[in-house]
Amino acid sequence: MNRLSSGADAISQTALLSVRQMAEADRLSVAAGVSSFELMGNAGAAVAHEIETRWTPRPLLVLCGPGNNGGDGFVTAHLLAEAGWPVRVAMLGSRFSLQNEARQHAQRWSGEVEALSPSVLQGAELIVDALFGAGLSRPLEGQALDTLAAAGQGCVPIVAIDTPSGVMGDTGAALGAVPAVLTVTFLRKKPGHLLLPGRDLCGEVVVADIGNPKSVLDSITPRAFENDPALWLAELPRAQADTNKHSRGHALVFGGYPMTGAARMAARGAARAGAGLTTIAVPDIALPVYAATLNSIMVQPWVTPEDFGHLLNGSRFSAWLIGPGAGVNKDTFGHVLAMLATGRPTVIDADAITVFQDDPEALDRAIRGPCVLTPHDGEFCRIFDASGDKLTRTRAAALRCSSVVVLKGSDTVIAAPDGRAIINTNAPSSLATAGSGDVLGGIILGLLAQGVSAFTAAAAGVWLHGAAAAEFGPGLLAEDLPDMLPAVLRRLYSCGEAHHVRDGIE
């Protein structure tokens, strides 16, 4: 395998499949000559393998459902029993109601099949949840709900097949699910493995190869991915021998007053992300505050709106950021419109989003060039439709405003207007601190200023932000984040394989 194909494989590993796409993958696999019976057998064998890798033989209870997930469970039970494990099977419904390959595999189980109820949990020291997979579209009820609820109240570890029953594969919504310590899924993860609360309920997630031909993914063309440097590292700029500060771009941050800290942290984020020059444009009254606290970051005062307009109409700035500490007022509204009118890459955050709550369409109409919006949930709800799951609504927002939208949170979603989406998973809980979002906006700005595309800058910025927080560890303050970036970037650039990835996910 050459280095380029290795990089392409790394990108492929980050792909996420919807429930419908996974069903299509199975259909295409069968059409390519891999039988459904074989796929199910491989799935159950993968679950059995992961169990044997982590636990010694002990009383095992497999809870089987009435569909293919239940068939996977029967395979797991059969293989572990053959390996000497004491295995019991309880089922929702009758094994004779199973169809096709699920029924064939169930017939290989020679032991008793108990009726599903909370009482079957007695004596179990490990539980396999093979009731329903990711395709369940309704809340758990009846014996399935009661049995899993009882299992969740105990201290017996649960291994889930595909997803914990009750976790929606496309959304991560939990409709009666209980936590698993391990989830074994197949071919690729689904969005529900990454979106909250599903991610917290899945425990460790293992993606098993069950024999789907490689050509299957090429036919499906996934449009959602888990954030990973393999997706964007090749697009990050690297200083060359002839690089100078001007060729690395000039980032401009709008500096608010009297709230000055947010813009200063954002500016440091932009500079640490690689912008050759970084300037904060500030009202004249705020100049002493900014000038006294910044060294390499330049400060440009302005007095009248015309002064600010002259700054924007000049050619020296590569990209803008407005929002942190800007204030929710008509002046901020006008400054956003002025920045967007230039058509240059713009990051809109915080107050600069909220000022459009009475007229969201004004923002949509004003966007002319590359633009990244970085709302948290509260800001998102002020200008976008908040109904639906996080992935769907972020995509819809990106399409509506023809911009990249970064809906922040522990499961940040980055969406492009064309439907591509990335779910981020590396953000530690320490990022829940004042000002961390301001630094994120600055990091994205710094990448945009260097000519990185909006979608890539957003995805890379979000990942770098999380990695910087992890680098610092406990006790993080937002102002600590920029100074963690050099170590993170140094490690990234040393990853030789990723240097040879081309085109990312464009």
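Everything here concerns the structure above.
The rules behind each value
- Residues numbered from 1 in each chain as written.
- Predicted model: local features only at pLDDT ≥ 70, side-chain atom pairs only at ≥ 80, totals over all residues.
- Heavy atoms only, no water.
- Helix = DSSP H or I, 4+ residues; strand = E, 2+ residues; numbered from the N terminus.
- Expected span 1.5 Å × (residues − 1).
- Buried < 20%, exposed > 50% of the residue type's maximum accessible area, 1.4 Å probe, protein only.
- Contact = heavy atoms within 4.5 Å.
- Pairing = 2+ DSSP bridges.
- Axes fitted to C-alpha atoms, helices over the stretch in contact; angles between N-to-C directions.
- Core = buried A, V, L, I, M, F, W, Y, C linked by side-chain atoms within 4.5 Å.
- Parallel < 35°, antiparallel > 145°, perpendicular 65-115°, else oblique.
- Left-handed = near helix turned anticlockwise from the far one by under 90°.
- Salt bridge = Lys/Arg side-chain N within 4 Å of Asp/Glu carboxyl O.
- Phe/Tyr/Trp six-rings, centres within 6.5 Å; stacked < 30°, edge-to-face > 60°.

1. Points about helix H19 (residues 481-493)
Step number 1: Taking 1.5 Å as the rise per residue, H19 with 13 residues should run 18 Å; its terminal C-alpha atoms sit 19 Å apart, in good agreement.
Step number 2: Every buried residue of H19 is accounted for by Leu481, Pro482, Met484, Leu485, Ala487, Val488, Leu489 and Leu492.
Step number 3: Turning to H19, the residues buried within the fold contact helix H9 (261-272), helix H17 (436-449) and helix H18 (454-472).

2. Side note on the sheet that holds strand E10 (residues 250-254)
Step number 1: Reading across from one edge, E1-E9-E18-E17-E16-E15-E14-E13-E10-E11-E12 is the order of the eleven strands in this open sheet, with mixed pairing throughout. Unpaired on one side and paired on the other, strand E1 (15-16) and strand E12 (298-302) mark the two borders of the sheet.
Step number 2: Bridge analysis of strand E17 (residues 413-415) against strand E18 (residues 421-423) gives three bridges, and the strand direction is antiparallel. Paired with valine 413 across the bridge in E18 is isoleucine 423.
Step number 3: Each of strand E9 (224-226), strand E16 (404-407), E17 and E18 is contacted by helix H16 (residues 390-401), which is oriented at about 150° to E16, the strand it contacts most.

3. A word on the nonpolar core
Step number 1: Grouped together as the largest cluster of nonpolar side chains are 62 residues, with contacts concentrated most on Trp232, Ile280 and Leu464.
Step number 2: Breaking this core down by element, the ones donating at least two residues are E10, H9, strand E11 (277-283), strand E13 (319-322), E16, H17, H18 and H19.
Step number 3: It is H18 that contributes the most residues to this core, twelve residues altogether.
Step number 4: Those residues in contact with leucine 464 that sit more than four places away from it in its chain are Ile443, Leu447, Leu485, Val488, Leu489 and Leu492.

4. A look at the packing of helix H3 (residues 36-54) against helix H4 (residues 68-82)
Step number 1: At a closest axis distance of 8 Å, the pairing of H3 and H4 adopts a crossing angle of 55°. With respect to each other, H3 and H4 are oriented oblique. Where H3 crosses over H4, the handedness of that crossing is right-handed. Mapping the contact onto sequence places Met40, Gly41, Ala43, Gly44, Ala45, Val47, Ala48, Ile51 and Glu52 in H3 and Asn68, Gly71, Asp72, Val75, Thr76, Leu79 and Leu80 in H4.

5. Some remarks on the environment of valine 289
Step number 1: By the element assignment, valine 289 lies in helix H10 (residues 287-293).
Step number 2: When the C-alpha positions of valine 289 and arginine 491 are compared, they lie 35 Å apart, and in sequence the two are 202 residues distant.
Step number 3: Other than its neighbours up to four places away in sequence, valine 289 contacts Thr260 and Arg264.

6. Quick look at the pattern of salt bridges
Step number 1: Counting across every chain of the model gives 16 salt bridges.
Step number 2: With its nearest N and O atoms 2.5 Å apart, the salt bridge here joins glutamate 50 to arginine 54. With a gap of four residues between them, glutamate 50 and arginine 54 both fall in helix H3, about one helical turn apart.
Step number 3: In this structure, the salt-bridge partner of arginine 272 is aspartate 483, at a minimum N-O distance of 3.1 Å. Separated by 211 residues along the polypeptide, arginine 272 in helix H9 and aspartate 483 in helix H19 bring together distant segments of the chain.
Step number 4: Since its relative accessible area comes to 38%, arginine 272 is described here as partly exposed.
Step number 5: When salt bridges that share partners are traced, they join Glu50, Arg54 and Glu204 into one network.

7. Let's talk about H3
Step number 1: Along its 19 residues, H3 runs 28 Å from first to last C-alpha, staying within 8% of the 27 Å computed at 1.5 Å per residue.
Step number 2: Taken residue by residue, H3 has Leu39, Met40, Gly41, Ala43, Gly44, Ala46, Val47, Ala48, Glu50 and Ile51 as its buried positions.

8. Re the sheet that holds strand E7 (residues 182-186)
Two modes of strand pairing occur in sheets, parallel and antiparallel, and in both the strands are linked by backbone hydrogen bonds.
Step number 1: What the seven strands build is an open sheet, ordered E4-E3-E2-E5-E6-E7-E8; its pairing is parallel. Where the open sheet ends on each side, the last strands, each with one partner, are strand E4 (113-115) and strand E8 (204-208). Going across the sheet, the axis of each strand differs from the next one's by a mean of 25°, ignoring polarity.
Step number 2: Bridge count between strand E2 (residues 60-64) and strand E3 (residues 87-91): five bridges; the pairing is parallel. Among the inter-strand pairings, valine 62 is bridged to a residue of E3, identified as valine 89.
Step number 3: Packing of H3 onto the sheet brings it into contact with strand E5 (126-130), strand E6 (158-161), E7 and E8, and relative to E7 it is tilted by some 150°.

9. Regarding the packing of aromatic side chains
Step number 1: For the structure on display, the rule yields seven aromatic pairs.
Step number 2: Their ring planes at 40° and their centres at 6.2 Å tell us that phenylalanine 254 and tryptophan 302 sit as a pair that is tilted. Of this pair, phenylalanine 254 sits in strand E10 while tryptophan 302 sits in strand E12; the two residues are 48 residues apart in sequence, bridging distant segments of the chain.
Step number 3: The class for tryptophan 302 is buried, based on a relative accessible area of 10%.
Step number 4: For the ring pair phenylalanine 254 and phenylalanine 308, a centre distance of 5.5 Å and an interplane angle of 90° mean the geometry is edge-to-face.

10. Here we look at unusual backbone geometry
Step number 1: A cis geometry characterises the amide bond from leucine 196 onward to proline 197, with omega recorded as 5°.
Step number 2: Tracing the sequence through the fold places proline 197 in the loop between E7 and helix H7 (198-202).
Step number 3: Omega for the bond connecting tyrosine 257 with proline 258 falls within 30 degrees of zero, at 10°, which places this linkage in the cis form.
Step number 4: Within the secondary structure, proline 258 sits in the loop between E10 and H9.
Step number 5: Backbone geometry places threonine 221, a non-glycine residue, at a positive phi of 55°.
Step number 6: Tracing the chain through its elements places threonine 221 in the loop between helix H8 (215-220) and E9.
Step number 7: Positive phi, close to 55°, is recorded for serine 402, a residue that is not glycine.

11. Focus: the pairing of E16
Step number 1: Along E16, one buried face is formed by Val404 and Val406 and the opposite face, lined by Val405 and Leu407, is buried too.
Step number 2: Judged from the two bridges that link them, strand E15 (residues 371-373) and E16 form a sheet pairing that is parallel. Bridge pairing in E16 places valine 372 opposite valine 404.
Step number 3: If you look at the hairpin formed by E16 and E17, you'll find five residues sitting between the two strands, and glycine 409 has a positive phi there, around 155°.

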